[in-house]
Amino acid sequence: MLTRTRTPAVSDWFTGEEDRFRLLGTRCASCASVFFPREDVHCRNPHCAGGTLEEVPLSRTGRIWSYTDSRYRPPSPYVSNPELPWEPYALIAVELESERIVLLGQTVPGVTAADLAVGMEVEVVPGVLHEDAETVWTTWQWRPTGVAG
């Protein structure tokens, strides 16, 4: 049996596995603004003269700010097999607990928009974006807290 390589869909945006999985952002040393996706060149805060940007692990939990479901097959470069039926998925905007910034992401498989509510607590977990014969392309997903999986 061949072992497939696990490769992040976007490098340097997350790290760790299971309970140690974290999204990675950056924080400006001058104004303390936090950014995700990460910023490695300059502070995006228009009121800041700029400072050193430091990588920071982001909160693992947050609350649903908004949500919807995706009922259509997105266009390229999204990878999906047109031979298979489209499987809708829930997409949520999550306000992170400590940073108070809002991030988008898919829910874990099996969680639908009908299972969600604004204000519900969720946690970030490792997920799979796509798989092929050689590679499992990894990403992050959101799971309601207290749900095993």
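Everything that follows concerns the structure shown earlier in this document.
Rules and cut-offs
Residues numbered from 1 in each chain as written. Predicted model: local features only at pLDDT ≥ 70, side-chain atom pairs only at ≥ 80, totals over all residues. Heavy atoms only, no water. Helix = DSSP H or I, 4+ residues; strand = E, 2+ residues; numbered from the N terminus. Polar contact = N/O pair within 3.5 Å; in protein donor to acceptor, adjacent residues only side chain to side chain. Contact = heavy atoms within 4.5 Å. 1 Å grid on protein atoms, 1.4 Å probe; cavity = no way out; pocket = protein on both sides within 12 Å on 5 of 7 lines; lining within 4 Å. Points joined across faces, edges and corners; volume = space filled by probe spheres on them. Salt bridge = Lys/Arg side-chain N within 4 Å of Asp/Glu carboxyl O. Buried < 20%, exposed > 50% of the residue type's maximum accessible area, 1.4 Å probe, protein only. Pairing = 2+ DSSP bridges. Core = buried A, V, L, I, M, F, W, Y, C linked by side-chain atoms within 4.5 Å.

Participant: I'm lost on the side chain of Glu39 in this one. Help?
Facilitator: For Glu39, the location among the structural elements is in the loop between β4 (34-35) and β5 (53-57). At 3.0 Å, the side chain of Glu39 forms a polar contact with the backbone nitrogen of Val41. If we skip the residues at most four places from it in the chain, Glu39 touches Thr26, Arg44 and Leu53.

Participant: Would you take a moment to explain the layout of surface pockets for this structure?
Facilitator: Empty space among the atoms becomes visible once a probe the size of a water molecule is rolled across them. In this model, the largest pocket occupies a volume close to 590 Å³. Taken together, 23 residues make up the lining of the largest pocket; nearest its centre are Tyr78, Trp86, Glu87, Val128 and Leu129. Listed by contribution, the elements that provide at least two residues to the lining of the largest pocket are β7 (89-96), β8 (102-107) and β9 (121-131). Take the lining of the largest pocket: its biggest share by element is four residues, from β9. Estimates place the volume of the second largest pocket at around 260 Å³. Elements with a minimum of two residues in the lining of the second largest pocket: β6 (61-70), β7, β8 and β10 (135-144).

Participant: For this particular structure, what's the right way to read the pattern of salt bridges?
Facilitator: Enumeration according to the criterion identifies seven salt bridges in this entry. Residues Asp69 and Arg71 are paired through a salt bridge, measuring 2.9 Å at the closest nitrogen-oxygen approach. Exposure remark for Asp69: the relative accessible area of 30% places this residue in the partly exposed category. One salt bridge in this structure joins Glu123 and Arg143, with 3.0 Å as the shortest N-O distance. Residue Glu123 is found in strand β9, and its partner Arg143 is found in strand β10; the two are separated by 20 residues along the sequence. We classify Glu123 as buried; its relative accessible area is 14%. Each of Arg38, Asp40 and Glu55 takes part in a single network of salt bridges with overlapping partners.

Participant: Whenever I open this one, the pairing of β10 confuses me. Can you help?
Facilitator: For β10, the tally of buried residues reaches nine of ten residues, placing the bulk of the element in the interior. Inspection of the sheet shows strand β1 (residues 5-8) paired to β10 by four bridges, in the parallel sense. Within β10, the residue paired with Arg6 across the bridge is Val136. Adjacent in sequence and paired antiparallel, β9 and β10 are bridged by three residues.

Participant: Is there a simple way to think about the nonpolar core in this case?
Facilitator: The nonpolar side chains of a soluble globular protein tend to be buried, and buried together. Counting 22 residues, the largest nonpolar core has Leu23, Phe36, Leu58, Ile92, Leu103, Trp140 and Trp142 as the members making the most contacts within it. Listed by contribution, the elements that provide at least two residues to this core are β7, β9 and β10. Non-local contacts of Leu103, meaning those with residues more than four positions away in its chain, are made with Leu23, Phe36, Leu58, Ile92, Ala93, Val94, Leu96 and Trp142. Grouped together as the second largest cluster of nonpolar side chains are five residues, Cys28, Cys43, Cys48 and Leu53 included.

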